[in-house]
Amino acid sequence: MEDSAGPQPPVEDQRNDHHQHTGLARYARPALIAGAAIAVVCLALLVIIFFLDSFNATVYSVGGKNIQDDTDEARQIRESYAAVRAGGLVFLVASVATALAAAVVLYRNRNVTNDDDTDDGDDVDFEDLAGR
């Protein structure tokens, strides 16, 4: 292939500076990103549920009632978001564990390079690139 910069190597020969990880390290970066994103969403969900629970308890208490009473209505208000809260906590713990495991894998493989690297160590300046 040739363009205004001169002949170009085929696309399969062009390499970037990123490591080509193999095995688990190949999936570590996407797992780290997904784990962190899910953890943020779970934290936001748990904060929203906390505020909804506080609002419901406040509204219930306005009439002089106590949210800790042993009535069916108070119990129903206390348990209204219990399943979502439990699910949010489970997903939060799982996503944080996934992100931590991925971070450990990336950290352990940070200096691993493939044997087929073709970097010969030559410095290239503008004059070399421009063909002068």
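Here, the structure is the one placed above.
Notes on the structure follow. (Residues numbered from 1 in each chain as written. Predicted model: local features only at pLDDT ≥ 70, side-chain atom pairs only at ≥ 80, totals over all residues. Heavy atoms only, no water.)

**Describing the overall build of the protein chain**
Here's step 1: Looking only at helices and strands, one finds 4 helices and 2 strands in the protein chain.
Here's step 2: Put simply, the protein chain runs from its N terminus to its C terminus through helices and strands in the order β-β-α-α-α-α.
Here's step 3: Within the protein chain, the fraction of its 132 residues that count as buried is 16%.
Here's step 4: Considering only contacts in the protein chain between residues 6 or more positions apart, those separated by 24 or more positions represent 68%. (Helix = DSSP H or I, 4+ residues; strand = E, 2+ residues; numbered from the N terminus. Buried < 20%, exposed > 50% of the residue type's maximum accessible area, 1.4 Å probe, protein only. Contact = heavy atoms within 4.5 Å.)

**Remarks on the packing of aromatic side chains**
Here's step 1: Taken as a whole and judged by the stated rule, the model has 1 aromatic pair.
Here's step 2: When the ring of F50 is compared with that of F51, the centres are 5.6 Å apart and the planes differ by 65 degrees; the resulting orientation is edge-to-face. An identical accessibility class is assigned to F50 and F51; each is exposed.
Here's step 3: Taking NZ or CZ as reference, R110 lies 4.0 Å from the ring centre of Y107, over its face. (Phe/Tyr/Trp six-rings, centres within 6.5 Å; stacked < 30°, edge-to-face > 60°. Lys NZ or Arg CZ within 6 Å of the ring centre and 35° of its normal.)

**Structural notes on the pattern of salt bridges**
Here's step 1: Per the stated rule, a full pass over the model turns up 4 salt bridges.
Here's step 2: A salt bridge links D72 to R75; the shortest N-O distance between them is 2.8 Å. Pair noted here: D72 and R75 are both in helix α2 (residues 72-78), with a separation of 3 residues, about one helical turn.
Here's step 3: The network of salt bridges with common partners includes D70, D72 and R75. (Salt bridge = Lys/Arg side-chain N within 4 Å of Asp/Glu carboxyl O.)

**Concerning the packing of helix α1 (residues 25-61) against helix α3 (residues 82-108)**
Packed helices, taken two at a time, are described by their axes: the angle between them and the distance between them.
Here's step 1: Close contact between α1 and α3 brings their axes to 7 Å; oriented N to C, the two are set at 155 degrees. In terms of orientation, α1 lies roughly antiparallel with respect to α3. As α1 packs across α3, the resulting crossing turns out to be left-handed.
Here's step 2: Each residue belonging to the contact of α1 with α3 can be placed in one class, and the counts come to 22 nonpolar, 4 polar and 3 charged. (Axes fitted to C-alpha atoms, helices over the stretch in contact; angles between N-to-C directions. Parallel < 35°, antiparallel > 145°, perpendicular 65-115°, else oblique. Left-handed = near helix turned anticlockwise from the far one by under 90°. Nonpolar A, V, L, I, M, F, W, Y, C, P; charged D, E, K, R; others polar.)

**Re the side chain of S95**
Here's step 1: Considering the arrangement of structural elements, one finds S95 in helix α3.
Here's step 2: The exposure class assigned to S95 is buried, which follows from its relative accessible area of 5%.
Here's step 3: Here A39 takes part through its backbone nitrogen, which lies 3.4 Å from a polar atom of the side chain of S95.
Here's step 4: Those residues in contact with S95 that sit more than four places away from it in its chain are G35, I38 and A39. (Polar contact = N/O pair within 3.5 Å; in protein donor to acceptor, adjacent residues only side chain to side chain.)

**Details of the environment of S54**
Here's step 1: By secondary structure assignment, the location of S54 is in helix α1.
Here's step 2: Counting along the chain gives 24 residues from S54 to R78, while the straight-line C-alpha distance between them is 9.8 Å.

**Focus on α3**
Here's step 1: Between its first and last C-alpha, α3 extends 39 Å over 27 residues, near the 39 Å set by a 1.5 Å rise per residue.
Here's step 2: By the burial criterion, the buried members of α3 are G88, L92, S95, A99, A102 and L106.
Here's step 3: Buried-residue contacts for α3 involve α1. (Expected span 1.5 Å × (residues − 1).)

**As for a negative patch on the surface**
Here's step 1: A contiguous patch of negative charge, built from D122, D123, D125, E127 and D128, is present on the exposed surface.
Here's step 2: D125 sits in the partly exposed class, given a relative accessible area of 39%. (Patch = residues over 30% accessible without salt bridge, like charges linked within 9 Å, V, L, I, M, F, W, Y side chains within 5 Å. Areas by Shrake-Rupley, 256 points an atom, 1.4 Å probe, with all protein chains shown as cover. Lys, Arg positive; Asp, Glu negative; His and termini not counted. Charge placed at Lys NZ, Arg CZ, Asp CG, Glu CD.)

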